[in-house]
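# Reading the structure
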Amino acid sequence: MRVRFHGAAGEVTGSCHEVEAAGHRLLLDCGMIQGSIDDEHRNFEPFPFIIDGIGAVVLSHAHIDHCGRLPVLVARGYQGPIWTHVATADLLRIMLEDAASLAEMDAMQDNKHRRDGHAHHKPLFTRADVGKVLKLVRPIGYGKATEILPGVTLTLRDAGHILGSASVELRAREGEGERVLVFSGDLGPKGTPILRDAEPVPQADLLLLESTYGGRAHRDRESTLAEIGDVLESAWNAGGNVLIPAFAVGRSQELLYWFARNWDEWNMARWKIFLDSPMATKVVGVYDDHESLFDQDAQAVWRGRPHPFRLPNLNFSVEVEESRAINDHRGGAIIIAGSGMCNGGRIRHHLRQNLGRRETHVMFVGYQANGTLGRRLVDGAREVKLFGESVHVNAQLHTVGGLSAHADQPALVDWYGQVGNRPPVVLVHGEDDARDSLAGALRKQHGADVMLVRPGMEVDV
Ligand code: ZN
């Protein structure tokens, strides 16, 4: 067995690893490269491997940096199966259709701005390409060993990162023996809300381990929740609205879960709550279909009152008019909307309406990348541009850390420690600082043999 690294080797997007096993070639993930315009242009380039002869794709979870180039792969000739968890298959449709709409819209706007009339900018992929991907998906459950190619067996285990997320175990018959490759996928933090914690892996000959937050320790969850309660209280006292930019998958549903859990303590009944995101609303439907994947805590909350997704004061705004009607609320409303970093989506309309008011509170509950509007706000910009208009920032801004969907360094080191035979480990899906720091911790605490790879490098299993 052998692994060749193509993406998310020294960075956190574009996850893609090629595996040779039992005489076959297969891919682990086929993710989109995200970041600057230059970075994103790399998605249009040829794949660094030959598509012809790839026998299978295994997808760890539905985040776009893991699945976003599947439509490109299929448009360029891949026709084999795409193995993934059942819940990921459901989320995949929502994620890819949304990405295709955005790509089609971008291309249209780009072409409108061109005057030469012939330099047409094509979308990275279309909704038709997405349809072809969905036909190839082979959904399976956790813990069921499945022969995906002659001599190659796949087992998915819960990774506790987002709904349906999985660690991937590949066993390959080679010669007389068997080799085992484990890819962690993205791992959730300990005690992650709603989902079960990442399952341990019994044994591996080589482990590919994510390292997104390999260099830090998260703030504890109790104080994070106390902070959310405090922000809501002061917003209520000030008489303003609360704006929460949030990703459609995971964080939006998690917020509703925390509201239900702290219903009395945070006096949630007095608010009007808006989930102003058609995509997050669709994802709520997928959660409804997969309650059996929830942890015990969440199952108890779901059995109690109020149900997180049926809060008596919760409104799902799907249509544009419903979203616009939220503007009538000048106070007493909690508005959850995307995008999570304010670089697009409906949150920008709410920011335009509310940022100028002193009584507004904006709560950032996720990472704000460099160059995004969210980051500028968090960094203290007093004036921002929205829809061509300057808006003065009078609102109160709060950054609530500690709700990450990724394991931190102590959790990653512990997860590694549970792998019985302490295998050699390749760190993927992390920037250099995070990888270096995690490598040091793994060597020190477990005497691990740690490798840092770059795109194009190969490692034997
Ligand atoms: Zn992820």
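Structure: above.
The structure presented is a predicted model; accordingly, all values stated were derived computationally and were not measured. (Residues numbered from 1 in each chain as written. Predicted model: local features only at pLDDT ≥ 70, side-chain atom pairs only at ≥ 80, totals over all residues. Heavy atoms only, no water.)

### Here's the deal with the coordination of the zinc ion
- Coordination of the zinc ion by the protein comes from His-61 (NE2), His-63 (ND1), His-161 (NE2) and Asp-186 (OD), over a distance range of 2.2 to 2.4 Å.
- Given four donor atoms and angles of 90 to 168° at the metal, the environment of the zinc ion is assigned as irregular.
- We note that the donor set of the zinc ion lies within a single chain, spaced as H-x1-H-x97-H-x24-D. With His-61 in the loop between β4 (54-58) and α2 (64-67) and Asp-186 in the loop between β10 (177-183) and β11 (206-210), the pair connects residues that are 125 residues apart, well separated along the chain. Here the two residues His-61 and Asp-186 agree in accessibility, since each one is buried. (Donors = N, O, S within 2.8 Å, 3.2 Å for Na, K, Ca; no water. Tetrahedral: all angles 85-135°; square planar, octahedral: opposite > 155°, others 65-115°. Helix = DSSP H or I, 4+ residues; strand = E, 2+ residues; numbered from the N terminus. Buried < 20%, exposed > 50% of the residue type's maximum accessible area, 1.4 Å probe, protein only.)

### A look at helix α5 (residues 127-136)
- What α5 keeps buried is the set Asp-129, Val-130, Val-133, Leu-134 and Leu-136. Viewed end-on, α5 has its buried residues packed into an arc of 155°, placing them on one side of the element.
- Lining the buried residues of α5 we find α3 (70-75), β5 (82-85), α4 (86-112) and β6 (137-140). (Arc of directions from axis to C-beta. Contact = heavy atoms within 4.5 Å.)

### Focus: the side chain of His-218
- Within the secondary structure layout, His-218 lies in the loop between β11 and α6 (221-238).
- For His-218, the residues in contact, after removing those within four places along its chain, are Pro-189, Tyr-213, Ser-404, His-406, Ala-407 and Asp-408.

### Examining the nonpolar core
- Leu-170 and Phe-259 are the most contacted members of the largest nonpolar core, which has 112 residues in total.
- No other element matches the nine residues that α4 contributes to this core.
- Aside from chain neighbours lying at most four places away, what touches Leu-170 is Met-1, Val-19, Leu-26, Leu-28, Ile-148, Val-152, Thr-153, Leu-154, Arg-179, Val-180 and Leu-181.
- Core analysis: the second largest hydrophobic core is formed by 24 residues, Val-180, Ala-204, Ala-407 and Leu-438 among them. (Core = buried A, V, L, I, M, F, W, Y, C linked by side-chain atoms within 4.5 Å.)

### Overview of unusual backbone geometry
- In the segment running from Arg-305 into Pro-306, the intervening peptide bond is cis, with an omega of -5°.
- Assignment of secondary structure puts Pro-306 in the loop between α9 (296-303) and β14 (314-316).
- Here the bond from Gly-338 into Ser-339 is cis, since omega is 0°, no more than 30 degrees from zero.
- With respect to the secondary-structure elements, Ser-339 resides in the loop between β15 (333-337) and α11 (347-354).
- At Asp-29, a position not held by glycine, the phi torsion is positive, near 65°.
- Structurally, the position occupied by Asp-29 is in the loop between β3 (24-28) and α1 (37-41).
- One non-glycine residue, His-429, adopts positive backbone phi at about 55°.
- Of note, His-429 is situated in the loop between β20 (425-428) and α14 (432-446).

### Focus: α4
- Here α4 spans 40 Å end to end across 27 residues, near enough to the 39 Å set by a 1.5 Å rise per residue.
- Maximal helix bending in α4 amounts to about 25°, located at Leu-92.
- Of the surrounding secondary structure, the elements contacted by the buried residues of α4 are α2, α3, β5, α5, β6 and α8 (278-289). (Expected span 1.5 Å × (residues − 1). Bend = angle between axes of the 7 residues up to and from the residue.)

### Quick word on the side chain of His-6
- Along the chain, the position of His-6 falls in strand β1 (residues 2-7).
- Only 2.7 Å separates the side chain of His-6 from the side chain of Glu-18, close enough to count as a polar contact.
- Other than its neighbours up to four places away in sequence, His-6 contacts Cys-16, Glu-18, Pro-48, Phe-49 and Pro-455. (Polar contact = N/O pair within 3.5 Å; in protein donor to acceptor, adjacent residues only side chain to side chain.)

### So, empty space enclosed by the protein
- Taken as a whole and assessed by the stated rule, the structure comprises one cavity of 30 Å³ or more.
- Of the pockets and cavities examined, the largest cavity occupies roughly 40 Å³.
- A breakdown of the residues in the lining of the largest cavity according to their chemical character gives five nonpolar, two polar and two charged. (1 Å grid on protein atoms, 1.4 Å probe; cavity = no way out; pocket = protein on both sides within 12 Å on 5 of 7 lines; lining within 4 Å. Points joined across faces, edges and corners; volume = space filled by probe spheres on them. Nonpolar A, V, L, I, M, F, W, Y, C, P; charged D, E, K, R; others polar.)

### Overview of the sheet that holds strand β8 (residues 152-158)
- Ordered by their spatial adjacency, seven strands build an open sheet running β7-β8-β9-β10-β11-β20-β21, and the pairing between neighbours is mixed. Every other strand in the sheet has two partners, leaving β7 (146-149) and β21 (450-452) as the edge strands with one partner each. Between one strand axis and the next, the sheet turns through 25° on average, direction left out of account.
- Bridge count for β20 against β21 is three bridges, and the pairing is parallel. If you follow Val-426 over to β21, its bridge partner there is Met-451.
- Across the face of the sheet, α14 comes into contact with β11, β20 and β21 while running at roughly 170° to β21. (Pairing = 2+ DSSP bridges. Axes fitted to C-alpha atoms, helices over the stretch in contact; angles between N-to-C directions.)

In short, the description is geometric, and any link to function would need to be established separately.
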